[in-house]
Amino acid sequence: MADTSNYLHTDQKIHQATCADDQGMKPGMLEKHATAESHKAAVPRKVPSKQQQERSEQDIKGSTSLVGSEECDAQQLSGSCGEEKAKKKSKKRRSKRNVEKKDMGASCGPEVDAIVAGKSPNKNVKAPQAPKESLHQKDKDKPTKDCRGSRKLLFEEYMFTEDVSAGLKRGELIQGALRINPKKYKDAFVPSPDGSADIFLDGIAARNRALNGDVVVVKVLPPEQWKAVNGDINERTPSSQNAPKAPDVIVEAHYNEEDEVVSKMKNASLHDKAPIITQSVKHANACFTSGSSSERAMQRTGKVVFIVEKKHSRAASGFLKFLPNKNFAMFSPVDHRVPRVNVPLADCPADFISRPGDYENTLFICRITQWSADNNFAEGRLAKTLGQAGEIEPETEGILTEYDVDFSEFSKEVLNCLPQDLPWSIPDHALSKRRDLRNECIFTIDPATARDLDDALSCKQLSDGNFEVGVHIADVSYFVEEGNALDEIAGQRATSVYLVQKVIPMLPRLLCEELCSLNPLTDRLTFSVIWKLSPEGKILSEWFGRTVICSCIKLSYDHAQSMIEAPNKHFSAEEVPTCSPDHSIHEIQEAVLNLHNIAKQLRAQRFESGALRLDQLKLSFTLDKESSMPQGCYIYQYRDSNKLVEEFMLLANMAVAHQIYRTYPELALLRRHPPPQSKMVDDLQEFCDQMGLDVDFSSSGALHRSLNESFGDDEYTAARKEVLTNMCSRPMQMAVYFCSGALKDEKFFRHYALNVPLYTHFTSPIRRYADVIVHRLLAASIDCGPRLNRSGEEVHKQSSHCNDRKTASKRVQELSSELFFGVFVKECGPLDSEAMVMGVLDQSFDVLVLRYGVQKRIYCNSLEGLKAVNFRKVGKRPEMTLFWETGDPSKESIQQEISIFTLLNVQLKADRVPMKYSAVLKRPSALV
């Protein structure tokens, strides 16, 4: 479980977490560890000079770990040499204890044995079924009885498969996904099966050659090697060994354009990079306590003993370094969590040996082939030369490759599955089996640039005053036959990937942009949900079926918003896109307005019933049509037209979820959202109380009401709400797909944010493979399609793969946005903006840059003219005083106070590192 101080730290990225309920355990089983905090004032610490920092960095670079890029972040590398020595001594002592206690293991409780035996309450967790590459480790990775005469082992050999299985059954070992902190790559974590605090893996050796995201088996170390923690959510130092709950694992919990409303979890590494100071290490996760509350809680530590599944792609982008008198070159990944790799010189460019300097700024893709236990470096092969670092396309290709996104062209075998006679028209036999809605007023509402239009709406008023409302979704399953090559590749890709400048489609463009896309004035096959609704949104009747439609107009969100904002205006043909002659613009506007009014009712009812929405800012770009370079950027506005579409997509998804689960209770592919982690919620509640914030975490609805109350009545109210929303997002877990047969207790089916018992994805089959399976289940449930040719186990396996790919897709999307914003700052910067403090550490603080909606960390040792820093705690509330030089030695330093919600002026500047930028605090106006 995360260091709960991460509520205050905001380098957002995607979040993965383990749900206590998913394991049949009640959240909050651990005893609450309360500590009484008095005012803590630290002596002002002098900010090191640039020369001191550079010397410190050079010293540490000479002795830093061989894992990670050679050119590590300077601020991360700058540190106290005394503390480094102390760490080394401590590690030696721990190593000695390891030898004495190496056969000891901490029992993880009976729940682990139940999981291994397949008796978990959710029926979803089984004994590890490792892939062949993991179960049959190479001979050199097997344990040896005698290592004399061989190279010294730097990593422990992996355990045998049978020993791993036995250890899991006995509760001596724990299985989970490895998460490595992206900003402190020596820190890694594995979730505890019972939903309590994570197991901490201290250092490179402890994670034993596993990479980020891998499913590993961990042995818990003896209690004397556990980490002392307390319940203070902000008390931490850069040397703190805790980290956010899955800051770096690629798993989403967010809302898409029409997705369910779950908090958008981005990667937040909360470890300060500033110089390390010597003080006691305190963690936020009260984990295991006994006796009185005055006793210090402990976080378990562990080490990897087996890799069950190599989820990481083993590919990375980075740079080559020439090594004299070696037959290999050194590959240094951009991602510090990936080890440096020895690659054969034969893989390098022909003139690399004679002119290595020509390639200093060239990005390469390297794939790790093996990493032996006696080598700090992995071995690998160069896969591709990407191009110059700092250019959008090479950087983008590197991102796609690292996250294993298939952006290759579709094979001939796949394309042969598509209709070959073009232009294609709907055959008569398909029409005869469908409800014909081509004469109805049906239209799409999408982003202006959208090409894959997979949902349409209709609304007509009935004679009794009620409304017939329809949601019409592209019938992708008609074109994607189960089991063929097209279906296989769609299942592997699992999702379309949306970059700033382009889309990597799940399906061939002939389908996603033409035959399946609900383009205007064209007959298209659809799957529809049609309701009879009262004006208040009450469902009076419901119908599911395959249909054929002809969209009368393609509206953008802007068009629909204009109609909503000017209900009495008569729009001319020039103000809207091309419209069908069979339906007037007035008729379409009336339908939009009626849908808007019903959507408002539905939305109000949802939130009254306890739904939660955690809105977070989204940065969008305007691109040059020829170069695709960013010309401008803006914060995307979520308006009534977006809410209109969202409400009816949610309604359709919920209706379909009930239909397929009612018919196939063991086979339905559903989507659940576990409740937030109780310990993190408790800590955040305590923090909010001390901050004087009236936030109710008792339920999703209560939290939503709290966040929508006014936090002031000035122009910065929205900013304060955004900061608080970010804090409240931290304990949230991800929403995931699952097969209903894998979880026998329906209470685990619930969707926390929506506060509904059943939910699924039905409305986006062009871009989500999970929706394709749901379409097939729905068709079978109403006798208009064959029964799904998959077992429950196969559905569950596919749903897990969809989770992985959806997460990777979101991470790639975020990295693409960061890439383009970095280019924008470089081309148009420096950029000035107001910013609001979101979190305070001892030598840095995080801010929300209000003009652009981005979150950045500001390091005190990077501020010109800063003389000293005083960090202190008032209960759980962190505060900082900055002491600025005045230029006149006779005058006292100018003081600047920093705390949560403090308003500052910052400047965004491009870094020397390509595509990167920093936020710099502007000096107080009194000094300017």
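Per an unreviewed UniProt entry, the protein goes by the name DIS3-like exonuclease 2 and belongs to Phoxinus phoxinus. Taken from UniProt, the Sequence similarities (unreviewed entry) comment for the protein reads in full: "Belongs to the RNR ribonuclease family. DIS3L2 subfamily."

Visitor: Which parts of the structure should I look at to understand the sheet that holds strand 30 (residues 844–849)?
Guide: The pairing of strands in a sheet comes from backbone hydrogen bonds and takes either a parallel or an antiparallel form. As summarised here, the arrangement of the five strands in space is 31-30-29-35-36, forming an open sheet in which the pairing is antiparallel. This sheet does not close on itself; its edge strands, each paired only once, are strand 31 (854–859) and strand 36 (917–921). In this sheet, adjacent strand axes meet at a mean angle of 45 degrees when their direction is disregarded. Relative to strand 35 (residues 903–910), strand 29 (residues 831–840) runs antiparallel, the two sharing six bridges. When the bridges of strand 35 are listed, Leu 831 appears paired with Leu 908.

Visitor: Please explain the pattern of salt bridges as it appears in this structure.
Guide: Pairs can form between side chains of opposite charge whenever their charged atoms are close. Within the structure shown, the criterion is met by 41 salt bridges. For Lys 502, the salt bridge is made with Glu 393, and the minimal N-O distance between the two is 3.3 Å. Of the two residues, Lys 502 sits in the loop between strand 20 (497–498) and strand 21 (503–504) while Glu 393 sits in helix 8 (residues 392–402), which places them 109 residues apart along the sequence. Here Arg 857 ties to Asp 846 by a salt bridge, and the two come within 2.7 Å at their closest N and O atoms. Here the residue Arg 857 occupies a position in strand 31, and Asp 846 occupies one in strand 30, the gap between them amounting to 11 residues. Accessibility expressed as a relative area gives 4% for Arg 857, which makes it buried. Put simply, Arg 603, Arg 606, Arg 613, Asp 615, Glu 646 and Glu 647 are held in one network by salt bridges that share partners.

Visitor: Just to check I follow, could you spell out the environment of Lys 460 for this structure?
Guide: Looking at the element boundaries, Lys 460 is found in strand 18 (residues 455–461). For Lys 460 and Val 592, which are 132 residues apart along the polypeptide, the C-alpha to C-alpha distance reads 10.0 Å.

Visitor: When you look at the nonpolar core in this model, what are you seeing that I'm missing?
Guide: Looking at soluble globular proteins, one finds that nonpolar side chains tend to be buried together. Judged by nonpolar contacts, the single largest core of 101 residues is most densely connected at Phe 443, Leu 457 and Phe 648. In terms of residue count, the dominant contributor to this core is helix 16 (residues 640–663) (11 residues). Those residues in contact with Phe 648 that lie beyond four places of it in its chain are Leu 457, Val 469, Val 471, Trp 531, Leu 533, Leu 595, Ile 598, Ala 599 and Leu 602. Within the second largest apolar cluster, 71 residues are counted, among which are Leu 400, Phe 821, Val 825 and Phe 871.

Visitor: Explanation requested: helix 17 (residues 678–691) in the structure shown.
Guide: Working note: α-helix, 3.6 residues per turn, so residues spaced by three or four point in the same direction. With 14 residues, helix 17 extends 20 Å between its outermost C-alpha atoms, agreeing within 8% with the 20 Å of an ideal straight helix rising 1.5 Å per residue. Counting buried positions along helix 17 yields 10 of 14 residues, so the element is predominantly enclosed. All of the buried residues in helix 17 are Ser 678, Lys 679, Met 680, Val 681, Asp 683, Leu 684, Glu 686, Phe 687, Cys 688 and Met 691. In this fold, the buried residues of helix 17 make contact with helix 19 (717–729) and strand 33 (877–884). Downstream of helix 17 by a residue or two, Gly 692 has a phi angle that is positive, lying close to 75 degrees.

Analysis parameters
- Residues numbered from 1 in each chain as written.
- Predicted model: local features only at pLDDT ≥ 70, side-chain atom pairs only at ≥ 80, totals over all residues.
- Heavy atoms only, no water.
- UniProt positions renumbered as here; feature names shortened; annotations may be inferred.
- Pairing = 2+ DSSP bridges.
- Helix = DSSP H or I, 4+ residues; strand = E, 2+ residues; numbered from the N terminus.
- Axes fitted to C-alpha atoms, helices over the stretch in contact; angles between N-to-C directions.
- Salt bridge = Lys/Arg side-chain N within 4 Å of Asp/Glu carboxyl O.
- Buried < 20%, exposed > 50% of the residue type's maximum accessible area, 1.4 Å probe, protein only.
- Core = buried A, V, L, I, M, F, W, Y, C linked by side-chain atoms within 4.5 Å.
- Contact = heavy atoms within 4.5 Å.
- Expected span 1.5 Å × (residues − 1).

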